[in-house]
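Below are the chains, spelled out letter by letter.
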Amino acid sequence: MKNRATLLFLTLFTLLTCFVSIRADDKLTAEEIITKHLDSIGTKEKRETIKNQVVLGDAEFIAPKNGGSLSKGKIVIASELNKVLFGMSFTMPSYPFEKIGFDGDKLKIANVTQNTKSPLGTFVSSFGEIMTEGLLGGTSSNAWSLLKLDDRKAKFETGGTKKIDGKEAYVVRYFPKGGSDLNISLFFEKDTFRHLRTEYRRIVAASIGTSTGLGAAQSGSRIDNSAKQSETRYLLSEDFSDFKTVAGLTLPHSYKLYYSLDATRGSSEFEWKIIIAQYYFNQKLPATSFDIDAK
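Here goes a summary of the coordinates provided. (Residues numbered from 1 in each chain as written. Predicted model: local features only at pLDDT ≥ 70, side-chain atom pairs only at ≥ 80, totals over all residues. Heavy atoms only, no water.)

## Remarks on the pattern of salt bridges
Enumeration over the complete set of coordinates arrives at twelve salt bridges. Between Asp58 and Lys74 there is a salt bridge, with its nearest N and O atoms 2.6 Å apart. Of this pair, Asp58 sits in strand 1 (residues 52–63) while Lys74 sits in strand 2 (residues 69–80), and the two are 16 residues apart along the sequence. Look at Asp58 and you get partly exposed, because its relative accessible area is 37%. (Salt bridge = Lys/Arg side-chain N within 4 Å of Asp/Glu carboxyl O. Helix = DSSP H or I, 4+ residues; strand = E, 2+ residues; numbered from the N terminus. Buried < 20%, exposed > 50% of the residue type's maximum accessible area, 1.4 Å probe, protein only.)

If you want it as structure tokens, here you go:
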């Protein structure tokens, strides 16, 4: 009887310990999640040895709603401190390249055709904090915002959990120091704390419809046009997977960008699928590396 009582006590104690552990894990603060995320990249000592980072890989551009247009090309992401160059090249005449550069002072985005930016370039141009905060590219960039918390002065709050491609992930909301019109959410795998996704969302409320005509006719037209309006939704998401250890750092080798716009006048979708072939660290980068106008 005594042995049975002892076994029962040990079983209950083990279950209680597990329960307390689970509860504590579920209540991690945003700061604790970020600390564990940084450790998932590599040790603090190793991370601090990396002064700059260059990524080379293959890129594929897809426009599902434009006849499934597809173009293959290359990508380069160069980063140093808070400077970033994000470039892609394609064989498509209407979209030959993507050039986005932040030299630590100015953000520049190239027109892909005469006086026209790409959908990605247009979105980043409207919300420059995506680049100036070191968010674009996640940990594939050495300018990754969370590596430089003291410099960024951003604020964070937890947002519960969500499944990303079948994986349970912590959600951390990101608030840039200067504010943003975007809702920015970061997703970290619950088991490994690797950065799986960033979402940038913007919802613009429906505007009051315009009208033509006078008096009662004007009022009626205005109501009818307003009823046809709907809010405009923007979404840019970045997904990271296929993590491998390179030079002591665990970094993604598969990277996908997805952009969608849903408005009254129509909707559009674009995807960029990227396979990272190589990481280079601590290269001798010229001062003009992050200026897209440099020759």
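## Description of the side chain of Ser140
Along the chain, Ser140 falls in the loop between helix 5 (129–132) and helix 6 (149–152). Apart from the residues within four sequence positions on either side, Ser140 is in contact with Gln53, Val55, Ile77, Pro252, Ile276 and Tyr279. (Contact = heavy atoms within 4.5 Å.)

## A look at the sheet that holds strand 6 (residues 155–164)
The strand order across the open sheet formed by twelve strands is 5-4-3-2-1-12-11-10-9-8-7-6, and the pairing between neighbours is antiparallel. The open sheet has two free edges, formed respectively by strand 5 (107–109) and strand 6, since each of these has just one partner strand. Between one strand and the next, the sheet's axes are offset by a mean angle of 15°, whatever the strand orientation. As defined by bridge partners, strand 9 (residues 195–204) adjoins strand 10 (residues 232–246) across eight bridges and the pair is classed as antiparallel. In the sheet register, Glu199 faces strand 10, and the bridge partner there is Ser237. (Pairing = 2+ DSSP bridges. Axes fitted to C-alpha atoms, helices over the stretch in contact; angles between N-to-C directions.)

## Focus: the side chain of Asn52
Its location among the elements puts Asn52 in strand 1. Side-chain polar atoms of Asn52 contact the side chain of Glu80, separated by 3.1 Å. Here Asn282 takes part through its backbone nitrogen, which lies 3.0 Å from a polar atom of the side chain of Asn52. (Polar contact = N/O pair within 3.5 Å; in protein donor to acceptor, adjacent residues only side chain to side chain.)

## What to know about the environment of Ala169
By the element assignment, Ala169 lies in strand 7 (residues 167–175). With relative accessibility at 0%, the residue Ala169 sits in the buried group. The spacing of Ala169 and Phe188 is 19 residues in sequence and 5.0 Å in space, taken between C-alpha atoms. Setting aside anything within four residues of it in sequence, one finds Ala169 in contact with Gly160, Thr161, Lys162, Ile164, Phe187, Phe188, Glu189, Lys190 and Leu196.

## Comments concerning the pairing of strand 4 (residues 95–102)
Bridging between strand 3 (residues 83–92) and strand 4 involves seven bridges; their strand directions are antiparallel. The residue of strand 4 that forms the bridge with Gly87 is Lys99. Examined bridge by bridge, strand 4 and strand 5 share three bridges and lie antiparallel to one another. Residue pairing in the sheet places Ile100 in a bridge with Ile109 of strand 5. Hairpin remark: strand 4 followed by strand 5, antiparallel, with four residues in the connecting loop; positive phi at Gly104, about 95°.

## What about unusual backbone geometry?
A positive phi angle, close to 60°, is found at Asn115, a residue other than glycine. As for its placement among the helices and strands, Asn115 is situated in the loop between strand 5 and helix 4 (119–126). Residue class for Asn115 comes out exposed when judged on its relative accessible area of 66%.

## Remarks on the environment of Asp293
Among the secondary structure elements, Asp293 is positioned in the segment after strand 12 (266–281). Separated by 185 residues in sequence, Asp293 and Lys108 place their C-alpha atoms 8.6 Å apart. Within the local environment of Asp293, its side chain forms a polar contact with the side chain of Lys108, the two groups lying 3.2 Å apart.

## Considerations on the nonpolar core
One finds Phe86, Met88, Leu146 and Trp272 to be the most contacted residues of the largest nonpolar core, which totals 66 residues. In contact with Phe86, not counting residues within four places along its chain, are Ile75, Val76, Ile77, Glu98, Lys99, Ile100, Leu120, Leu136, Tyr255 and Leu257. In terms of nonpolar packing, the next biggest core, distinct from the first, is built from six residues, Ala78, Leu85, Phe290 and Ile292 among them. (Core = buried A, V, L, I, M, F, W, Y, C linked by side-chain atoms within 4.5 Å.)

## Focus on helix 4
Three or more residues of helix 4 are buried, namely Leu120, Gly121, Phe123 and Val124. The buried residues of helix 4 occupy an angular sector of 165° when projected down its axis, which confines them to one face. (Arc of directions from axis to C-beta.)

## Considerations on the pairing of strand 9
Pairing between strand 8 (residues 183–189) and strand 9: six bridges, direction antiparallel. Paired with Leu186 across the two strands is Thr198, which belongs to strand 9.

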